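Secondary and tertiary structure notes
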Amino acid sequence: MKKRTLPLAFLFVLTCTFSVFAGDDVPAWLRQAATVTVPTFDKEIKAVTLHDEARVVVDEDGRITTTTTYAVRILSRDARRDAIAQTIYNTQAEKVKEMNAWLLRPSGQVVKYGKNQTIDGVVDSNDVYDEARKRMISAADDVEAGAVFGYEIVAEEKSIFSQQNWFFQSERPVVASRMIVTVPNGWRAEGIVFNHAKFEPTVNGSTYTWELRNLEPLCDEPSSPSVMNLAARIAVNIYPPTGKSAGLLRTFSDWADVSRYLSELSDTQIELDDALAGKARELTANAKTEFEKIQALGRYAQSIKYVSIQIGTGRGGGYRPHTAIEVFKKSYGDCKDKANLMRAMLKAVGITAYPVVIYSGDPTFVREEWPSPKQFNHCIIAVKVSDETQIATVIKHPKLGRLLIFDATDDDTPVGDLPDHEQGSLALIVAGNDGMLMRMPVTPPEANKLVRQADVTLTPEGAINAKISERSVGQAAVNERRLFKALAKPDYNKRIERWIMRGITGANVSKVEPADNHAEGKFALEVEFAAKEYAQSMRGKLLVFKPALVSQRIGLDLTEPKRKHPLVLESEAFSETVRVKLPEGFEVDEMPDAAKLEMPFGTYTASYEVKDGHLIFTRNLEVKATTIPAALYPIVRDFYGRMRGVEVSPVVLAKK
């Protein structure tokens, strides 16, 4: 379930901005929500959530009926896409029983949207199973500033999970958000609150209500945790009476219990046939080491076309993969299918592997205190390896031994590396009774390094000719690779040219030559350019220029003096050597002092040397993966500010 909020103690004035609403079709909850007037917000706030509610009714047989009601006031036409009602459902196990929406114009006119205005379609056009569908009503073309849009959706599902999840908050302000859970008599519901002070529900018989009001918007800040992880939310566990079965509903007491459940779904799906086993042996025929075998099969799994296959309760709540034989024959699948296929192929060559469920998008999202498969949105793989395999993405499991962690879906990140948004995450190793929640590996900064060499010839008039050679590895290479793959060659060249010209006005780029070595996790770039007036000439006697020709292309842009949310730093490193051939008849008159900045999260050094007719400038940055509390943000901002101060410092040459 989804929600939004804003911790802003603002006063709501109960003054009606609408005339009497025509007709009786407008439900009472929407009429009431529309009477709320909110204070004036900054221009960045385009809409305010007035009402956000889910009423969840749980039957003893596992059937769950959820009625969602929602109302938003549109403050600007820029927020017209907020006037959309939509829900995703699974055709095997879920049914949307009712869906209606209303637009309340400032004039008092009411526009109702029902079955005739409802669009029903697939979530992903590539989903050949067509099991996940989206139903939608849009008033985006009709909305105007000051209007209130509301909707009501009634959905029914045959669930297998005795757990519910609700987000109170989002990017916009929220007046009132609540989750109401009704369980059978004698059952109980317990909530765990995240990202907000603990609060107890209002209990009326077997109905539990968790409510928050007047929540401020979650602002978007660079390098912060995801909004999903910042939003106030609640996880609700539902329990039958002691000694009584929960029917088809599955309860989880600890992470081993979650592992056992997911193992039941996945272990039967790694079956092999002669064709699949033969392909695995063929791919690894020339492999000389354990790691080379894993590499070969990892590359093959990544080459399988990714298709987002949304599977619901009928396939274990979306966690049961298709059989490896089926995925191999069809040559497509989603994340769990790719991981399962690779697991089966590894089995064919005598290597054991386990599924790993993880939250992709925010390494800080998963919380240990709530054992639940509903915390995960992605599946990767853990491969059991011997001491022979020594790489940074291996972790040590207390019972299973050394496990190499790999994402078979991210085709930009080869075996031996891990996407940065998964590094450091809490993820579940799915291994029956031995399964456990573990911290994923974090590669060191030097494993994600960009190294640059710049050779520059400076003329007495201030013109330069330059060659830049870059070599990157790890996630630094992944970033370069993604840009290279995403753009056509002319567009890629233009992007590189813009980067050069941001540092060197009037630069004429004559060569852009990228080279991607995916197998080894490396990327190279060669650039050549010239500029007529790089160094500033003063009456022909002095030349002034910055030896840091271009930006690092990594790092943070921390321009705001304050921030509300933590700062998430990724593991990265940068090293550059610039060799400037001094023009005939000139010598260095002034150059900056060497610099060294050291903090627990990173280090930066810069130095200058004159040798053999060259000015040699070096700079090095190393940042460790960590999360910095918002209160310590000024320290990080000062670090990067001082670093940039060093890099704009000029060197002065004087004519002999």
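A brief structural summary. All values reported here derive from a predicted model rather than from experimental measurement. (Residues numbered from 1 in each chain as written. Predicted model: local features only at pLDDT ≥ 70, side-chain atom pairs only at ≥ 80, totals over all residues. Heavy atoms only, no water.)

Let's talk about the side chain of histidine 397
Locating histidine 397 in the fold gives a position in strand β19 (residues 394-397). Polar side-chain contacts of histidine 397 include one of 3.0 Å to the backbone nitrogen of lysine 399. Ignoring anything within four residues of it in the chain, the contact list for histidine 397 reads Leu403, Ile429, Asp434, Met436 and Met438. (Helix = DSSP H or I, 4+ residues; strand = E, 2+ residues; numbered from the N terminus. Polar contact = N/O pair within 3.5 Å; in protein donor to acceptor, adjacent residues only side chain to side chain. Contact = heavy atoms within 4.5 Å.)

Focus on the environment of asparagine 448
On the secondary structure map, asparagine 448 appears in the loop between β22 (436-439) and β23 (449-458). Using a relative accessible area of 2% as the deciding quantity, one classes asparagine 448 as buried. Sequence-wise, asparagine 448 and lysine 546 are 98 residues apart; in three dimensions their C-alpha atoms are separated by 27 Å. Here asparagine 448 is in contact with Asp417, Thr443, Val473, Gly474, Gln475, Ala476, Ser571, Glu572 and Ala573, once residues within four sequence places are set aside. Of note is the side chain of asparagine 448, whose polar atom sits 2.8 Å from the backbone nitrogen of glutamine 475. (Buried < 20%, exposed > 50% of the residue type's maximum accessible area, 1.4 Å probe, protein only.)

A short note on the pattern of salt bridges
Evaluated as defined, the whole model comprises 37 salt bridges. Here lysine 330 makes a salt bridge to glutamate 326, at a shortest N to O gap of 3.6 Å. Taken together, the positions of lysine 330 and glutamate 326, both in helix α6 (residues 324-330) and four residues apart, correspond to about one turn of that helix. (Salt bridge = Lys/Arg side-chain N within 4 Å of Asp/Glu carboxyl O.)

Quick notes on the pairing of strand β20 (residues 401-406)
Counting buried positions along β20 gives six out of six residues, so the element sits mostly inside the fold. As paired strands, strand β18 (residues 378-384) and β20 are joined by four bridges and run antiparallel to one another. Within β20, the position partnered with alanine 382 by the bridge is isoleucine 405. A loop of three residues connects β19 with β20, the two strands running antiparallel in sequence. (Pairing = 2+ DSSP bridges.)

Overview of the packing of aromatic side chains
Across all of its chains, the model carries 14 aromatic pairs by this definition. Pairing tryptophan 29 with tryptophan 102 gives two aromatic rings, centres 6.5 Å apart and planes at 80°, and the pair type is edge-to-face. Of the two residues, tryptophan 29 is situated in helix α1 (residues 28-34) and tryptophan 102 in strand β4 (residues 94-104); the sequence distance between them amounts to 73 residues. Residue tryptophan 29 is classed as buried on the basis of its relative accessible area, which comes to 17%. Taken together, the ring pairs connect Tyr70, Phe149 and Tyr151 into an aromatic cluster. Lying across the ring of tyrosine 633, arginine 563 places its NZ or CZ 5.5 Å from the centre. (Phe/Tyr/Trp six-rings, centres within 6.5 Å; stacked < 30°, edge-to-face > 60°. Lys NZ or Arg CZ within 6 Å of the ring centre and 35° of its normal.)

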